[in-house]
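Observations on the model geometry
Here are the chains, one letter per residue:
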Amino acid sequence: MSYALLVLAYLLGSVSTAIITCKLMGLPDPRTAGSNNPGATNVLRVGGKKAAAITLAGDMLKGLIPVLLGQLLGLSYGWLFLIGFAAFLGHLFPIYYNFKGGKGVATALGVYFGLHLWAGVCVALIWLFIAKVLKISSLSALIATLVAPIIFYLFTQSGYLALGLILMTALIWWRHQSNIKNLLAGKEGLIKMNNTDDTSN
């Protein structure tokens, strides 16, 4: 059952909420509009708040649902992380879209919530606070995911889980290479609708 959940998690993670939402709402394909990235920030840019909220919720659920199923089966943190990580990899490298996906922040957040509710809430609050104050989507995502392994270790005392989340953070930072370069150069855009500067998600 554990191995079946791994496969299910990857297949679910491979479903692009951004692409499906934009298609159903008659919006431009997020892969060819705005920052060309199938994520919530770009959907906000090309389609507005409602479409972005649906995309954000869908991407989070992709990470949350498989982990919760694992919780119901009483699996260990090690297995729960692997299941969440499979969903996360599905978002980054979706089998349905030639392995070209998003940057994984929202799906990672869903995994966080599934692993430990209150630790996930702490990470989400950090993400939202920085986004609200600085209005830079990429920076809020980078900082929140950077501190996530520490927060989860404090809540769970699981070194293996913390190491796994460090790997997830490393992949998120790798996917944000262009954003990091823009941040260092002072060129990263603010969170705005109909603006192509900010390419975080």
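You'll find the structure just up there.
A brief structural summary. (Residues numbered from 1 in each chain as written. Predicted model: local features only at pLDDT ≥ 70, side-chain atom pairs only at ≥ 80, totals over all residues. Heavy atoms only, no water.)

Thoughts on the nonpolar core
Within soluble globular proteins, side chains that are nonpolar generally end up buried alongside one another. Grouped together as the largest cluster of nonpolar side chains are 33 residues, with contacts concentrated most on Phe88, Tyr112, Leu115, Val123, Phe152, Leu165 and Met168. Looking at this core, the elements with two or more residues in it are α1 (2–13), α5 (77–92), α6 (105–115), α7 (117–134), α8 (137–156) and α9 (159–175). The leading source of residues in this core is α5, at eight residues. (Core = buried A, V, L, I, M, F, W, Y, C linked by side-chain atoms within 4.5 Å. Buried < 20%, exposed > 50% of the residue type's maximum accessible area, 1.4 Å probe, protein only. Helix = DSSP H or I, 4+ residues; strand = E, 2+ residues; numbered from the N terminus.)

Some thoughts on empty space enclosed by the protein
This model, assessed by the stated rule, comprises three cavities of 30 Å³ or more. Volume-wise, the largest cavity comes out at about 60 Å³. Ser16, His91, Pro94, Gly101 and Gly102 are, among the 13 residues lining the largest cavity, the residues nearest its centre. (1 Å grid on protein atoms, 1.4 Å probe; cavity = no way out; pocket = protein on both sides within 12 Å on 5 of 7 lines; lining within 4 Å. Points joined across faces, edges and corners; volume = space filled by probe spheres on them.)

Observations concerning the packing of aromatic side chains
Following the criterion strictly, the structure yields six aromatic pairs and no others. Ring geometry for Phe81 against Phe85: centres 5.3 Å apart, planes inclined by 25°, an arrangement best described as stacked. Of the two residues, Phe81 and Phe85 are both situated in helix α5; the distance of four residues between them amounts to about one turn of the helix. Phe85 matches Phe81 in its accessibility class, with the two residues each being buried. Here Tyr112 and Phe152 contribute two aromatic rings whose centre-to-centre distance is 5.4 Å and whose plane-to-plane angle is 45°, an arrangement assigned as tilted. With Tyr112 in helix α6 and Phe152 in helix α8, this pair connects stretches of sequence that are 40 residues apart. (Phe/Tyr/Trp six-rings, centres within 6.5 Å; stacked < 30°, edge-to-face > 60°.)

Structural notes on the side chain of Thr156
Positionally, Thr156 belongs in helix α8. In this view, Thr156 contacts Tyr77, His116 and Leu161; residues no more than four positions away in its chain are not counted. (Contact = heavy atoms within 4.5 Å.)

Section: the pattern of salt bridges
Applying the stated criterion to the full structure yields two salt bridges. As a salt-bridge pair, Arg31 and Asp29 come within 2.7 Å of each other at their nearest N and O atoms. On the basis of relative accessible area, Arg31 is assigned to the partly exposed category, the value being 35%. Classification of Asp29 by relative accessible area gives partly exposed; the value is 26%. Between Asp59 and Lys62 there is a salt bridge, and its shortest N-O distance comes to 3.5 Å. Within this pair, Asp59 and its partner Lys62 are both found in helix α4 (residues 49–72), separated by three residues, close to a single helical turn. (Salt bridge = Lys/Arg side-chain N within 4 Å of Asp/Glu carboxyl O.)

Comments concerning the packing of helix α2 (residues 17–24) against α4
At a minimum axis separation of 9 Å, α2 and α4 run at an interaxial angle of 145°. Of the two elements, α2 crosses α4, and the hand of that crossing is right-handed. On the side of α2, the interface is formed by Thr17, Ala18 and Thr21, while α4 contributes Ala51, Ile54, Thr55, Gly58, Asp59 and Lys62. (Axes fitted to C-alpha atoms, helices over the stretch in contact; angles between N-to-C directions. Left-handed = near helix turned anticlockwise from the far one by under 90°.)

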